[in-house]
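# Breakdown of the fold
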Amino acid sequence: MKIIYSLIAQEEYIEVIYFLADKFGAQQAIKFEEDFLSNLKQLEKFPNSFGGFYKTNKRKFMVNKNVTVIFQINEITETVEILNFWFNRSNPEVLLKHL
(Lines give C-alpha, C1' and ligand atoms only; values in the text may rest on other atoms or scores of the structure.)
Protein backbone atom coordinates (compact mmCIF):
# COMPACT_ATOMS: atom_id res chain seq x y z
CA MET A 1 0.00 0.00 0.00
CA LYS A 2 1.05 3.56 -0.63
CA ILE A 3 1.69 5.69 2.45
CA ILE A 4 0.59 9.31 2.57
CA TYR A 5 0.71 11.92 5.34
CA SER A 6 -1.90 14.39 6.53
CA LEU A 7 -0.75 18.00 6.84
CA ILE A 8 -0.98 17.70 10.61
CA ALA A 9 1.19 14.58 10.60
CA GLN A 10 3.82 16.32 8.48
CA GLU A 11 4.04 19.16 11.01
CA GLU A 12 3.96 16.84 14.01
CA TYR A 13 6.76 14.70 12.59
CA ILE A 14 9.06 17.72 12.52
CA GLU A 15 7.96 18.69 16.03
CA VAL A 16 8.74 15.19 17.31
CA ILE A 17 12.21 15.20 15.76
CA TYR A 18 13.03 18.60 17.29
CA PHE A 19 11.57 17.62 20.67
CA LEU A 20 13.53 14.36 20.86
CA ALA A 21 16.75 16.03 19.75
CA ASP A 22 16.32 18.84 22.28
CA LYS A 23 15.19 16.70 25.22
CA PHE A 24 17.18 13.50 24.66
CA GLY A 25 19.87 14.37 22.12
CA ALA A 26 20.42 13.95 18.39
CA GLN A 27 21.00 10.20 18.69
CA GLN A 28 17.46 9.70 20.05
CA ALA A 29 16.01 11.69 17.15
CA ILE A 30 17.99 9.56 14.68
CA LYS A 31 16.90 6.37 16.45
CA PHE A 32 13.29 7.55 16.26
CA GLU A 33 13.60 8.06 12.50
CA GLU A 34 15.13 4.60 12.06
CA ASP A 35 12.40 2.97 14.15
CA PHE A 36 9.70 4.89 12.33
CA LEU A 37 11.03 3.82 8.92
CA SER A 38 11.18 0.22 10.10
CA ASN A 39 7.51 0.39 11.12
CA LEU A 40 6.63 1.97 7.77
CA LYS A 41 8.08 -1.02 5.94
CA GLN A 42 5.81 -3.33 7.91
CA LEU A 43 2.89 -0.96 7.43
CA GLU A 44 3.32 -1.00 3.64
CA LYS A 45 3.24 -4.79 3.51
CA PHE A 46 0.87 -5.64 6.37
CA PRO A 47 -1.24 -2.59 7.26
CA ASN A 48 -3.79 -4.62 9.19
CA SER A 49 -1.14 -6.11 11.47
CA PHE A 50 -1.34 -3.11 13.81
CA GLY A 51 -3.96 -2.68 16.51
CA GLY A 52 -6.96 -0.41 16.55
CA PHE A 53 -7.05 2.95 18.27
CA TYR A 54 -9.73 3.06 20.97
CA LYS A 55 -13.20 2.67 19.48
CA THR A 56 -12.44 4.31 16.13
CA ASN A 57 -11.71 3.03 12.63
CA LYS A 58 -8.12 4.25 13.06
CA ARG A 59 -5.08 2.12 13.86
CA LYS A 60 -1.84 2.78 15.72
CA PHE A 61 1.72 1.67 16.25
CA MET A 62 4.26 2.71 18.85
CA VAL A 63 7.50 3.99 17.40
CA ASN A 64 9.13 4.08 20.83
CA LYS A 65 8.10 4.59 24.45
CA ASN A 66 7.46 8.28 23.75
CA VAL A 67 5.55 8.37 20.46
CA THR A 68 2.63 6.52 18.85
CA VAL A 69 1.55 6.97 15.24
CA ILE A 70 -2.16 7.05 14.38
CA PHE A 71 -3.17 6.05 10.84
CA GLN A 72 -6.10 4.93 8.74
CA ILE A 73 -6.36 2.46 5.89
CA ASN A 74 -8.28 3.16 2.70
CA GLU A 75 -8.82 -0.17 0.97
CA ILE A 76 -10.41 1.46 -2.09
CA THR A 77 -7.43 3.69 -2.92
CA GLU A 78 -4.96 1.21 -1.40
CA THR A 79 -3.41 3.91 0.77
CA VAL A 80 -2.43 4.26 4.38
CA GLU A 81 -2.70 7.79 5.70
CA ILE A 82 -0.52 8.77 8.64
CA LEU A 83 -2.80 11.06 10.66
CA ASN A 84 -0.91 11.97 13.83
CA PHE A 85 2.24 11.52 15.84
CA TRP A 86 1.14 11.34 19.46
CA PHE A 87 3.22 11.74 22.61
CA ASN A 88 2.21 8.82 24.80
CA ARG A 89 2.06 10.88 27.98
CA SER A 90 -0.52 13.23 26.48
CA ASN A 91 -4.23 12.97 27.18
CA PRO A 92 -5.80 10.67 24.53
CA GLU A 93 -9.14 12.45 24.87
CA VAL A 94 -7.61 15.48 23.15
CA LEU A 95 -6.49 13.35 20.22
CA LEU A 96 -9.86 11.61 19.97
CA LYS A 97 -11.60 14.97 19.65
CA HIS A 98 -9.71 15.99 16.52
CA LEU A 99 -9.58 12.64 14.75
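One structure accompanies this document, and this report is about it. Note that the structure is predicted; figures quoted are calculated from it, not measured.

## Notes on the overall build of the protein chain
Across its full length, the protein chain carries three helices and four strands. Beginning at the N terminus, the succession of helices and strands in the protein chain can be written as β-α-α-β-β-β-α. Buried residues in the protein chain amount to 35% of all 99 residues. The long-range fraction of contacts in the protein chain, counting pairs at least 24 apart against all pairs at least 6 apart in sequence, stands at 47%. Summed over its atoms, the accessible surface of the protein chain is roughly 6500 Å², and 53% of this surface lies on carbon and sulfur atoms.

## Things to note about the side chain of asparagine 39
Relative to the helices and strands, asparagine 39 resides in helix α2 (residues 26-45). Taking the relative accessible area as the measure of exposure, asparagine 39 reaches 14% and is therefore buried. Within the local environment of asparagine 39, its side chain forms a polar contact with the backbone oxygen of aspartate 35, the two atoms lying 3.0 Å apart. Excluding its chain neighbours within four sequence positions, the residues that come into contact with asparagine 39 are Phe50, Phe61, Met62 and Val63.

## Topic: the pairing of strand β3 (residues 67-74)
Note: strand β2 (residues 59-62) against β3, four bridges, orientation antiparallel. The residue bridging lysine 60 from the neighbouring strand is isoleucine 70, located in β3. Of the pairings in the sheet, the one linking β3 to strand β4 (residues 79-87) comprises eight bridges and is antiparallel in character. Residue pairing across strands places isoleucine 70 opposite asparagine 84, the latter belonging to β4. Hairpin connection of β3 to β4: four residues between the antiparallel strands, including glutamate 78 at a positive phi of 55°.

## Thoughts on the nonpolar core
Residues Phe32, Phe36, Leu43, Phe61, Ile82 and Phe85 are the most contacted members of the largest nonpolar core, which totals 20 residues. Every residue in contact with phenylalanine 36, bar those within four places of it in the chain, is listed here: Tyr5, Tyr13, Phe61, Val63, Val69 and Phe85.

## Re the environment of tyrosine 13
Relative to the assigned elements, tyrosine 13 resides in helix α1 (residues 7-24). Between the C-alpha atoms of tyrosine 13 and valine 69, which are 56 residues apart in sequence, the distance is 9.7 Å. For tyrosine 13, the contacting residues outside a window of four places in its chain are Phe32, Glu33, Phe36 and Phe85.

Parameters at a glance
- Residues numbered from 1 in each chain as written.
- Predicted model: local features only at pLDDT ≥ 70, side-chain atom pairs only at ≥ 80, totals over all residues.
- Heavy atoms only, no water.
- Helix = DSSP H or I, 4+ residues; strand = E, 2+ residues; numbered from the N terminus.
- Buried < 20%, exposed > 50% of the residue type's maximum accessible area, 1.4 Å probe, protein only.
- Contact = heavy atoms within 4.5 Å.
- Areas by Shrake-Rupley, 256 points an atom, 1.4 Å probe, with all protein chains shown as cover.
- Polar contact = N/O pair within 3.5 Å; in protein donor to acceptor, adjacent residues only side chain to side chain.
- Pairing = 2+ DSSP bridges.
- Core = buried A, V, L, I, M, F, W, Y, C linked by side-chain atoms within 4.5 Å.

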